[in-house]
Amino acid sequence: MPPDLIATITGWYQEPMFWLYPMATLAISFSTFLLFAIPYTVLAWIDPPSLSRYKVQDKPFDVPKWLGPTIGRLLFNNAVMVVILVLSWPWMRLTPIHLGELPAWYIIIAQLLFFIFLDDFLYYWVHRAMHKGWLLKHVHSVHHRIRQTSAINGNYFHLLEFVIISTLALVGPWLVGAHLYVLWIWIVIRQFEAADGHCGYVFPWNPGHILPLYEGAGYHDFHHSQYQGNYAGFLPYLDRFWGTYARGYEAWRNERRQARAKPSAVQDRS
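Residues numbered from 1 in each chain as written. Predicted model: local features only at pLDDT ≥ 70, side-chain atom pairs only at ≥ 80, totals over all residues. Heavy atoms only, no water.

Looking at the packing of helix H4 (residues 105–129) against helix H7 (residues 180–196)
Rules: What counts as an axis is a line fitted to C-alpha atoms, over the stretch in contact for a helix, and the angles between N-to-C directions run from 0 to 180 degrees. Starting at the N terminus, helices and strands are each numbered in turn, a helix being any DSSP run of H or I of at least four residues and a strand any DSSP run of E of at least two. What sets the label is the angle itself: under 35 degrees gives roughly parallel, over 145 gives roughly antiparallel, 65 to 115 gives roughly perpendicular, and the rest give oblique. Crossing handedness: left-handed means the near helix sits turned counterclockwise from the far one by under a right angle, and right-handed means the same turn made clockwise. Here, residues are in contact when the closest pair of their heavy atoms is within 4.5 Å. Each residue gets one of three labels, nonpolar for Ala, Val, Leu, Ile, Met, Phe, Trp, Tyr, Cys and Pro, charged for Asp, Glu, Lys and Arg, and polar for the others, Gly among them.
Here H4 crosses H7 at 45°, and the two axes come no closer than 10 Å. With respect to each other, H4 and H7 are oriented oblique. In this structure, the crossing between H4 and H7 has a hand that is right-handed. For the pair H4 and H7, the contacting residues are Ile 108, Gln 111, Leu 112, Phe 115, Ile 116, Asp 119 and Tyr 123 in the first and Val 182, Ile 185, Trp 186, Ile 189, Arg 190 and Glu 193 in the second. When grouped by side-chain class, the residues that make up the contact of H4 with H7 number 9 nonpolar, 1 polar and 3 charged.

Below, the structure is given as structure tokens:
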């Protein structure tokens, strides 16, 4: 390899953005997921009777059984992702993520909403594809080994699925040429989605309700318990439009809405 080319490539990895863009973004992704997931997971492990009315399922959580394997996959997948990001940097440095002037606050909000809806749209179709053929048998079935999920299981993935989902989250920021800080905010939101969707509890004070289409963790929990349907990641409008709700979900959701005015009512399901 010519010395000039070696010097050029070496220089790429000495750029500040190498550490701020792929490396710091991965670190933020990893740490914020744990920040959201650990309290929920501890809660699921304790499974206090006083909060049973907020549980999606009335079955016990499988925290002790799956905690070790989940942490193992979380560490392995992120370690491999470090290698992938290092190898991808010569290409990633050409993407339009930048550290220039921050956009106006309303532009940031608009971009974040765009990222949420675009990511959910892309994830819906990728998720449906993963429920067919080779991808289901050899890749996505790993995530579906857990039926009674807790928040930490939001990152229990086959490596290929982990890479695909991580890449989907970057499509929106790449399309708009997002500021790096906006990308970081979006990654925090995305990891909240991952932990929340698997936490097994539907709390009325959940900040996800800020979004009008959000329906709580029960939406994705039904996907795990039924194995089919409810393919979108966070927002149910695509499943409603395409008729892919999980079996029993609409009836459960309607019953829960009716029971909100009755604090003593049993709202769980088996």
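Some remarks on the layout of surface pockets
For the record, the criterion: Cavity and pocket criteria rest on a 1 Å grid covering protein atoms alone: a 1.4 Å probe that fits but cannot get out defines a cavity, protein on both sides within 12 Å along at least 5 of 7 lines defines an open pocket, and an atom within 4 Å of a point defines a lining residue. Grid points are joined across faces, edges and corners, and a volume is the space filled by probe spheres set on the points.
Of the pockets and cavities examined, the largest pocket occupies roughly 630 Å³. Lining of the largest pocket is provided by 36 residues; of these, Phe 162, Ile 165, Ser 166, Thr 167 and Ala 169 occupy positions nearest its centre. At the level of secondary structure, the elements contributing two or more residues to the lining of the largest pocket comprise helix H2 (16–46), helix H3 (63–92), H4, helix H6 (159–176) and H7. Broken down by element, the residue count for the lining of the largest pocket peaks at 8 residues, all from H6. In terms of residue class, the lining of the largest pocket is made up of 18 nonpolar, 14 polar and 4 charged.

Details of the nonpolar core
Nonpolar side chains in soluble globular proteins generally cluster together in the buried interior. Here is the rule: What we call a nonpolar core is a set of buried Ala, Val, Leu, Ile, Met, Phe, Trp, Tyr and Cys residues that are connected through their side-chain atoms within 4.5 Å. Residue burial is assigned from relative accessible area. The probe radius is 1.4 Å, only protein chains are included, and a residue is buried under 20% of its type maximum, exposed over 50%, and partly exposed in between.
Judged by nonpolar contacts, the single largest core of 35 residues is most densely connected at Tyr 21, Ile 97, Leu 180, Leu 183 and Trp 186. Where this core is concerned, the elements lending two or more residues are H2, H3, H4, H6 and H7. A per-element tally of this core places H7 first, with 7 residues. Those residues in contact with Trp 186 that sit more than four places away from it in its chain are Leu 112, Phe 115, Ile 116, Asp 119, Ala 169, Pro 173 and Glu 193. One finds Phe 33, Tyr 40, Ala 194 and Cys 199 within the second-largest nonpolar core, a separate group that totals 17 residues.

A look at H6
To keep it simple, the criterion reads: In this scheme, a helix's expected span is set at 1.5 Å multiplied by one less than its residue total. Fitting axes to the seven residues ending at a residue and to the seven starting there, one defines the bend at that residue as the angle between these axes.
In this model H6 runs 27 Å from its N-terminal to its C-terminal C-alpha over 18 residues, within 8% of the 26 Å that 1.5 Å per residue would give. A maximum bend of about 30° is found in H6 at Leu 170, where proline Pro 173 lies one to four positions downstream. Its buried side turned inward, H6 meets H2, H3, H4, helix H5 (133–143) and H7. Trailing H6 by a residue or two, Gly 177 shows a phi angle of about 65°, which is positive.

Description of the packing of aromatic side chains
Heads up, the condition is: Pairs were defined over the aromatic rings of Phe, Tyr and Trp, the Trp ring being its six-membered one, requiring ring centres within 6.5 Å. Orientation was assigned from the angle between planes: stacked under 30 degrees, edge-to-face over 60, tilted for the rest. Two conditions define a charge located above a ring, namely a distance within 6 Å from the ring centre to NZ of Lys or CZ of Arg, and an angle within 35 degrees of the ring normal.
What the rule picks out here adds up to 27 aromatic pairs. Considering the side-chain rings of Trp 91 and Trp 174, the 5.1 Å spacing of their centres and the 90° angle between planes classify their relative orientation as edge-to-face. With Trp 91 in helix H3 and Trp 174 in helix H6, this pair connects stretches of sequence that are 83 residues apart. Each ring, one from Tyr 201 and one from Phe 203, has its centre 5.2 Å from the other, and the planes form 10°; the classification is stacked. Given a relative accessible area of 0%, Tyr 201 falls into the buried group. The class of Phe 203 is buried, set by a relative accessible area of 6%. Among the aromatic residues, those joined into a cluster by ring pairs are Tyr 40, Tyr 54, Phe 61, Tyr 201, Phe 203 and Trp 205. The side chain of Arg 53 reaches across the aromatic face of Tyr 54, ending 4.8 Å from its centre.

Focus: the packing of H3 against H6
Two elements in contact, H3 and H6, have axes separated by 11 Å at closest approach and are oriented at 45°. Classified by the interaxial angle, the pair formed by H3 and H6 is oblique. Relative to H6, H3 is oriented so that their crossing is right-handed. Within the contact between the two elements, H3 uses Phe 76, Asn 77, Asn 78, Val 80, Met 81, Ile 84 and Trp 91 and H6 uses Leu 159, Phe 162, Val 163, Ser 166 and Trp 174. For the contact of H3 with H6, a count of residues per class yields 9 nonpolar, 3 polar and no charged.

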